[in-house]
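Here's the letter readout for the chains.
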Amino acid sequence: MSEFGHSDVKIRDFIAAISSGRYQLPCFQRAFKWNPAKIKSLLNSIQHEYPAGSLLFLKMNKDNPLIPYQGFRFANESEFTEKPEILVLDGQQRMTSCYCAFTNKGYYTYYINYVALMEDYLNGITDFDFESIIVHKRHNSAPFTELVNGLFPVSFLIDRNTMRNQIKIYVNGIRNNNLSKEDIDICEFLTYSFGDIVDSILDYEFPVVELPENSSIESVCKVFQTINTTGLRLSVFDICVAVFTPKNINLKDMVKNSIEKHAYVKMLIDKDATIVLQVIALLANKLPNSSTLAKTLAADDITDYWDDAIEGIEQTLILFDSFGAGTKRNLMLLPYTPMVTVIAAVISRTKYKSMDVPAKAKAEQKIKTYFYTVALSNRYLEGTNSKINEDFKGVKQWISSDEIPAMILHGVDWNTEKIVENNKNGAFGKAVLCMLNNNRLRDFYVNKPVGIGENMDSCELHHIFPKAQYEKKYNKELINSVFNYTWLLKETNNYIQDKKTNEYLDKIVTDVNLSENQLRDILSCHYINENLYNAMYSEKYIEFIDGRAELFKQLFKNVGVRFKEVAHDELEVEIEEDEEDS
């Protein structure tokens, strides 16, 4: 791709280009989503001349556009006077917000409370809080009628002439009546000061990055992912929607139809169905690299393998659910999405559904070994695309011929002292929680089923050694160790959260009228054996998490995971924090 250009564009200029049809959006672009609060925040940034992010444009080939296009929300196609020249890849939310506010289009009309602004000005305030001064009301096709109520339409700020003319008309109308002191102040403010305050709005420019006309789909996707500022991330699937639409393949409709027929796939593909295309690439013997799918896949690949890919994904989610991942309920415990890609393609290619019972059981055991080995070794932390292809070939061959893949043979590096620093958020932690979730857990206190799964009571992950009681004694990594977690009902956690372990164990026995052996039985399903129970009772936290880590290690060995002991400093722990752990 040749050098891309840099420039700036004024608000009034891009509004004119939207109105004329010269600026267009890609056909895959998501709907306009910003609410009035976000639009006011943007207008506040503009008035203060704060940076509001760059815009990403693609210069269009008018005769053969790279990506099919559509008009901006609220722009009237019947009023277009120019042919499309620019495709706006990033900036839709901000540009449409400005278009609505400055042209009085959309569901609301925006105003500046000029009376409040005048009061701040007369009180010597110069750093105005425009976010609170801007008012929105239901759309008014005659916004000038609100001037008498102290509201100046933002749409009058489209250019200086419009602003001045509207101020002049309104001020002259006031002066024709008997003027109060407030009227005089308003006339003076609007005539001499208001324009100076809003000048920054009239002159504001957005920086623009413009991709050249000869850009490839791959380069457009890569640049967008680098520059995107909206938080609504353009996926590879969105690019493929644009590429295959002219080939009479409506990927969005295919996703919609698949969701209607296969309930479990919705949570995985509803927002981004790139994974379906990656599975199709594997089934078509092509590389699943996400950045090149638009170029790699042919229309025939999609029509030939779409149904197989969807069915493979659904079967994989059902299978992972049986491993404890809870993927028939949600994706909270899924260690890596690429695991679904690999196994969905393997299931389809090996004709898993038509296997007899012994063959299917054998295949499922190998897939379970793959599942836990990949998660515990953090295999997809980097170099994911090449590993997806490698693992697809390896697991497929393993199921067909018993040839064990290299990554299974290598296994998982282990050092107990270091491994306990893993928290519940990374792939390792999720593997531990999957194993735990698969053991038919029951709440400590209420003795109801807990965990993630269908028809399960609402519950949450909580510390076994309560954080409130022990966080001052142990560092954050240790107290938030995944080996210090289990599922409990919220009321149970509230009951034990500020108590020492031996205190709440005694209290449960007393309050629920359990014998100590009955309590031990309940704890055992949480993989808390007699030694770990004793460690809880004597408040030996390090002994508890080390012992529980070793217990889980044996559980993983039982499903075929291989381990290699390494020195403490040879092992890196993946730490992914959330608000609770911070």
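Please read these numbers as outputs of a predicted model, since none were measured by experiment. (Residues numbered from 1 in each chain as written. Predicted model: local features only at pLDDT ≥ 70, side-chain atom pairs only at ≥ 80, totals over all residues. Heavy atoms only, no water.)

### A few points about the environment of Q365
Quick note on the threshold: Under the scheme used here, helices are H or I runs from DSSP no shorter than 4 residues and strands are E runs no shorter than 2 residues, and both carry numbers assigned from the N terminus. Working rule for contacts: check all heavy atoms of both residues, and any pair within 4.5 Å makes them a contact.
Along the chain, the position of Q365 falls in helix α16 (residues 357-376). Along the chain, Q365 and V559 lie 194 residues apart, while their C-alpha atoms are 7.3 Å from each other. Ignoring anything within four residues of it in the chain, the contact list for Q365 reads V559 and G560.

### Details of the packing of helix α24 (residues 501-512) against helix α26 (residues 530-537)
Put simply, the test is: Axis definition: a line fit to C-alpha positions, over the contact stretch in the case of helices; interaxial angles, taken between N-to-C directions, run 0 to 180 degrees. Roughly parallel here means an angle under 35 degrees, roughly antiparallel means over 145, roughly perpendicular means 65 to 115, and every remaining angle is called oblique.
Between α24 and α26, whose axes approach to 7 Å, the crossing angle comes to 110 degrees. By the angle between their directions, the pair α24 and α26 is classed as roughly perpendicular. In contact with T501, N502, Y504, L505 and D506 of α24, α26 contributes Y533, M536 and Y537.

### Looking at the pattern of salt bridges
Oppositely charged side chains can pair when the atoms bearing their charge come close. As a reminder, the rule being used: Criterion for a salt bridge: a side-chain nitrogen of Lys or Arg within 4 Å of a carboxyl oxygen of Asp or Glu. Exposure categories follow from relative accessible area, calculated using a 1.4 Å probe and restricted to protein chains: below 20% of the type maximum is buried, above 50% is exposed, and the middle band is partly exposed.
The tally for this structure, following the rule as stated, stands at 20 salt bridges. In this structure, E421 and K418 form a salt bridge, with 3.4 Å as the shortest nitrogen-oxygen distance. Overall, E421 belongs to the partly exposed group, its relative accessible area being 21%. One salt bridge connects K507 with D511, and the closest N-O pair in it is separated by 3.6 Å. Of this pair, K507 and D511 both sit in helix α24, four residues apart, which is roughly one turn of that helix. Taken together, the shared-partner salt bridges connect R22, E82 and E85 into one network.

### Overview of the environment of K424
Our working definition: Polar contact criterion, stated in full: a pair of N or O atoms within 3.5 Å, where within protein one must be able to donate a hydrogen and the other to accept it, and residues adjacent in sequence count only if both atoms are side-chain atoms.
Position of K424 relative to the elements: it lies in the loop between α19 (416-419) and α20 (427-437). Distance in space between the C-alpha atoms of K424 and S481 is 7.0 Å, their sequence separation being 57 residues. In terms of polar contacts, K424 uses its side chain to reach the side chain of N425, at 3.4 Å.

### Remarks on the sheet that holds strand β9 (residues 205-211)
To keep it simple, the criterion reads: What makes two strands pair is DSSP finding at least two bridges between them.
Read from one edge of the open sheet, six strands run β1-β9-β3-β5-β2-β4, paired in mixed fashion. Among the strands making up the open sheet, the edge pair consists of β1 (5-10) and β4 (69-70). As paired elements, strand β3 (residues 55-59) and β9 share four bridges and run parallel to each other. Of the residues in β9, the one forming a bridge with L58 is L211. On the sheet, helix α3 (residues 92-103) packs against β2 (23-26), β3, β5 (86-90) and β9 and is oriented at approximately 115 degrees with respect to β5.

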